[in-house]
Amino acid sequence: ENRSFVMASAADLLWNHDEKRARTLFWDALNSLNLASTPVNNTAENLSKAEQEKIVQAYFSTFALRQKLLRQVARRDAQLALDMLRATRQVPPRQFASAPVFFPDDRQLEQEIASEVVARDPAQALQVARESLAKGLSLELLNLLYQLNQKDPERASQFAGDIITKLRSANIATDLRASTIAVHLLGVSRSQTRGRLTNLSSGS
């Protein structure tokens, strides 16, 4: 992990002077991180509580490190960050009946990369967001939608329509992510409607 951190920091500092070398260092940082993340056996039956906790902690630790690295890369080159993400898929462990856990996955990381791109290129951010949305819903969509709306309301409106279309195919009664996103969008819609009515009333 320390080796990965040093190489990523060096790549970031080197980017403006030698982009080709910086890209290589970012890849080396990711490869070092993958080597450090030793897979934990999660296929065996009747694992003890301590073993289950170890698997969960290992997953979240690796996810956080990849998240930090990929967001750092995305600030330099979003496409490079996506290439690195897609070359190193992290599969969530199976759920344990004794302690069900919500595991963030690579869909969330894709949408976080899009969030990093919004300020510089809303069109590219929307493209990345749509590619990720096609794979499934994530709560990170709400943050991305908010940021996109601050920068480009028209594209934000388009993306909101995409999310609503996706929600229509989800079972809101059983899908926590889908229901949370739907409730949020409904609340925003009602707030906007009340705002318009207030403005009309003031104008009259």
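Predicted, not measured: the structure shown is a model, and the values here were computed from it.

**Student:** Looking at this structure, I do not really get the overall build of the chain. What am I missing?
**Tutor:** A count of helices and strands for the chain gives 9 helices and 0 strands. Counting from the amino terminus, the chain carries its helices and strands in the arrangement α-α-α-α-α-α-α-α-α. Buried positions account for 40% of the 204 residues belonging to the chain. For the chain, contacts bridging at least 24 residues in sequence account for 67% of all contacts bridging at least 6. Accessible area for the chain stands at about 11,800 Å²; split by element, carbon and sulfur atoms hold 53% of it.

**Student:** Would you explain the packing of helix 5 (residues 106-117) against helix 6 (residues 122-133) in this entry?
**Tutor:** Working note: a packed helix pair is described by the angle between its axes plus the distance between those axes. At a minimum axis distance of 8 Å, the contact between helix 5 and helix 6 shows a crossing angle of 170 degrees. Here helix 6 runs roughly antiparallel to helix 5, going by the angle between their axes. Contacts between helix 5 and helix 6 involve Arg107, Glu110, Gln111, Ala114 and Val117 on the former and, on the latter, Pro122, Gln124, Ala125, Val128, Ala129, Ser132 and Leu133. For the contact of helix 5 with helix 6, the class distribution of residues is 7 nonpolar, 3 polar and 2 charged.

**Student:** Where do I start with the confidence of the model for the chain in this structure?
**Tutor:** In low-pLDDT segments, the atomic positions of the prediction should not be examined closely. Of all residues in the chain, 85% attain a pLDDT of 70 or more, and the chain-wide mean is 82. Averaged over each element, pLDDT in the chain is lowest for helix 9 (residues 176-203) (67) and highest for helix 1 (residues 2-14) (93). Low confidence marks residues 193-202, where pLDDT is under 50. Its contacts with residues over four positions away, or in another chain, come to 0 contacts.

**Student:** I tried to follow the pattern of salt bridges on my own but got confused; where do I start?
**Tutor:** Scanning the model with the defined rule gives 12 salt bridges in all. We note a salt bridge from Arg76 to Asp12, for which the minimum N-O separation is 3.0 Å. Remark: Asp12 occurs in helix 1 and Arg76 occurs in the loop between helix 3 (49-74) and helix 4 (78-87); sequence separation between them is 64 residues. In this structure Arg76 comes out as partly exposed when scored by relative accessible area, which is 29%. In this structure, the salt-bridge partner of Glu116 is Arg71, at a minimum N-O distance of 2.9 Å.

Procedures and definitions
The residue count restarts for each chain, going from 1 along the sequence in the order it is written. The model is predicted, so local features are restricted to residues of pLDDT at least 70 and side-chain atom pairs to those at 80 or more, both for listing and for counting; the totals for chains, interfaces and linings are taken over all residues. Side-chain numbers here rest on the full set of heavy atoms in the structure, without hydrogens or water. Counting from the N terminus, the helices are the DSSP runs of H or I reaching at least four residues and the strands are the DSSP runs of E reaching at least two. Burial here depends on accessible area, computed with a 1.4 Å probe over protein chains only, as a share of the maximum for the residue type. Under 20% is buried, over 50% is exposed, and the range in between is partly exposed. Here a residue-residue contact requires only that any non-hydrogen atoms of the pair lie within 4.5 Å. The Shrake-Rupley method, run with a 1.4 Å probe sphere, supplies the accessible areas, and residue values consider only the shown protein chains as cover. Every axis corresponds to a line fitted to the C-alpha atoms, with the helix fit spanning only the stretch in contact, and the corresponding angles, defined between N-to-C directions, vary from 0 to 180 degrees. The scheme is simple: roughly parallel for angles under 35 degrees, roughly antiparallel for over 145, roughly perpendicular for 65 to 115, oblique for anything else. Throughout, the ten residues Ala, Val, Leu, Ile, Met, Phe, Trp, Tyr, Cys and Pro are labelled nonpolar, Asp, Glu, Lys and Arg are labelled charged, and all others, Gly among them, are labelled polar. Every residue gets a pLDDT, meaning the predictor's confidence in that residue, from 0 to 100. We count a salt bridge whenever a side-chain nitrogen from Lys or Arg sits within 4 Å of a carboxyl oxygen from Asp or Glu.

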